[in-house]
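# Results of the structural survey
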Amino acid sequence: MTNAAYRDHLGRPIVAVTGMGVVTSLGQGLKDNWTALTGGVSGIHDISRFPVDGLNTRISGTVDFITVPTENPVERSYAYARETTDEALAQAGLSGDFGGPLFLAAPPIEPDWRERFALADRAPPSQRPGDAYDRFLAALREKAEPALHEAWAFGSISERLSDRYGTRGLPVTLSTACASGATAIQLGVEAIRQGRTDRALTVGTDGSVTAEALIRFALLSALSTQNDPPTKASKPFSKDRDGFVIAEGAATLVLESLESAIARGAKVLGILKGCGEKADHFHRTRSSPDGGPAIATIRAALEDAGIDESGIGYINAHGTSTPENDKMEYLSMSTVFGDKLAGIAVSSNKSMIGHTLTAAGAVEAVFSIQTMLTGTLPPTINYTNPDPTIQLDVVPNVKRDKQVSAVLSNSFGFGGQNASLVMTAEPA
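Computed from a predicted model, the values in this text were never measured in an experiment. (Residues numbered from 1 in each chain as written. Predicted model: local features only at pLDDT ≥ 70, side-chain atom pairs only at ≥ 80, totals over all residues. Heavy atoms only, no water.)

## What to know about the overall build of the protein chain
Within the protein chain one finds 13 helices and 15 strands. Taking 22 Å as the expected radius of gyration for a compact globule of 428 residues, we find that the protein chain reaches 21 Å, a close match to that expectation. By principal-axis analysis of the C-alpha atoms, the protein chain measures approximately 70 × 55 × 40 Å. Split into buried and exposed, the 428 residues of the protein chain put 59% on the buried side. For the protein chain, the accessible area works out to roughly 17,000 Å², and carbon and sulfur atoms hold 52% of it. Counting 38 positive and 48 negative side-chain charges, the protein chain places the averaged centre of each group 1 Å from the other. (Helix = DSSP H or I, 4+ residues; strand = E, 2+ residues; numbered from the N terminus. Rg over C-alpha atoms; globule rule 2.2 N^0.38 Å. Buried < 20%, exposed > 50% of the residue type's maximum accessible area, 1.4 Å probe, protein only. Areas by Shrake-Rupley, 256 points an atom, 1.4 Å probe, with all protein chains shown as cover. Lys, Arg positive; Asp, Glu negative; His and termini not counted. Charge placed at Lys NZ, Arg CZ, Asp CG, Glu CD.)

## Things to note about the packing of helix 3 (residues 113-122) against helix 4 (residues 132-142)
Relative placement of two packed helices is described by the angle separating their axes and the distance separating the axes. The geometry of helix 3 relative to helix 4 is characterised by a closest axis approach of 9 Å and an angle of 75° between their N-to-C directions. Classified by the interaxial angle, the pair formed by helix 3 and helix 4 is roughly perpendicular. Across the interface between the two elements, R116, L119, A120 and R122 of helix 3 pack against R135, F136, A139 and L140 of helix 4. Per-class residue counts for the contact of helix 3 with helix 4 are 5 nonpolar, no polar and 3 charged. (Axes fitted to C-alpha atoms, helices over the stretch in contact; angles between N-to-C directions. Parallel < 35°, antiparallel > 145°, perpendicular 65-115°, else oblique. Contact = heavy atoms within 4.5 Å. Nonpolar A, V, L, I, M, F, W, Y, C, P; charged D, E, K, R; others polar.)

## Focus on the pairing of strand 9 (residues 270-279)
For strand 1 (residues 15-24) and strand 9, the ladder comprises 3 bridges, and the chain directions are antiparallel. The partner of V15 across the bridge, within strand 9, is L272. The sheet contact formed by strand 9 and strand 15 (residues 417-424) spans 8 bridges and is antiparallel. When the bridges of strand 15 are listed, G276 appears paired with S420. (Pairing = 2+ DSSP bridges.)

## Looking at the packing of aromatic side chains
Per the stated rule, a full pass over the model turns up 2 aromatic pairs. Centroid distance W34 to F367: 6.1 Å. Interplanar angle 35°. Geometry classified as tilted. Here the residue W34 occupies a position in helix 1 (residues 30-38), and F367 occupies one in helix 13 (residues 360-374), the gap between them amounting to 333 residues. Neither residue differs from the other here; W34 and F367 are each classed as buried. The ring of Y78 has R160 lying over it, and the distance from NZ or CZ to the ring centre is 3.9 Å. Positioned over the ring face of F98 is R199, at 5.7 Å from the centre of the ring. (Phe/Tyr/Trp six-rings, centres within 6.5 Å; stacked < 30°, edge-to-face > 60°. Lys NZ or Arg CZ within 6 Å of the ring centre and 35° of its normal.)

Below you can see the structure in the form of structure tokens.
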């Protein structure tokens, strides 16, 4: 019979984190990232990957220090995921075939303009309106291009990761907007809780900053246009915030049942205590301004964790730096926590790394666990002009030493995709 110490309040296996890896614009690896993040360093910089002449936004948090064989979003997303998974498995002390499922959050990538134009130049002349894809296929039948095929195949990243690490079963690739990284973690937690596996590999990655992506988000009026200096552009919860800074990154978490982790002598970094997920149909991109779905998501995560509002010591906010989303998140937190919110530190990693989109929930989960491990609360930088309508302790500009044992991490995505995670320190 399973020891009750390894079961949660609902009798489910407790899920532990035994390995973590991260890449952001701040650097490669958890050590370098954490040093920069807690030091208030910004990774936001001028874009050099493609021309930005004439664009209102000319800054981002791209990851430009990892070499890829072909310059496209799939290769970048795979490379970031590979690097973070290598780091996480090494920390977990695992080698050889992983032997558990893979849950990957990856961007919904399309071929970029350059690839489509190059293929169009090779394609036969048009015979009828709307036959572009028939022409593309004809060109590829004439001359196969495996690298191009891989760049266009949404599931190729997870297949490559599965082959590399020996994961079990069909790898799952998901995309739930900015909540994706947290959703991947939730799927891993559920697989272990349901007894389908003793361990799961959960990855969030995004290398999709292209000219087309930048223009699309700009047309939604979602991006900051405060280009000079780039490091000052992302300013969550400030009065003069004007949009998020698009960024790249990845994070991997090795999840195991606590019983399995203890049995093999693994170091437990933290516990995935609770998960909440809700969606709404308010708008294709905007979250519901009344905060209803976000409120329900936070409450669901707390209920799933079996703790009440007083049990949370720190909140890793979604904190995008957009006028509407920051206001909505504050409304949701103040509704759930009430007067207790004034005593809870709430900071945004995105003030330094930008918004890593599909990877954000996983990246911020890693930083949340690191907060508990180190007793250090990362700051919200660029906080010099507070929004008087948002009354939060945002850990302004400078890190704070404080030991916390439970963290809430929010991920509220486009189209009302909402996910919250509750993480706690290792149980006694």
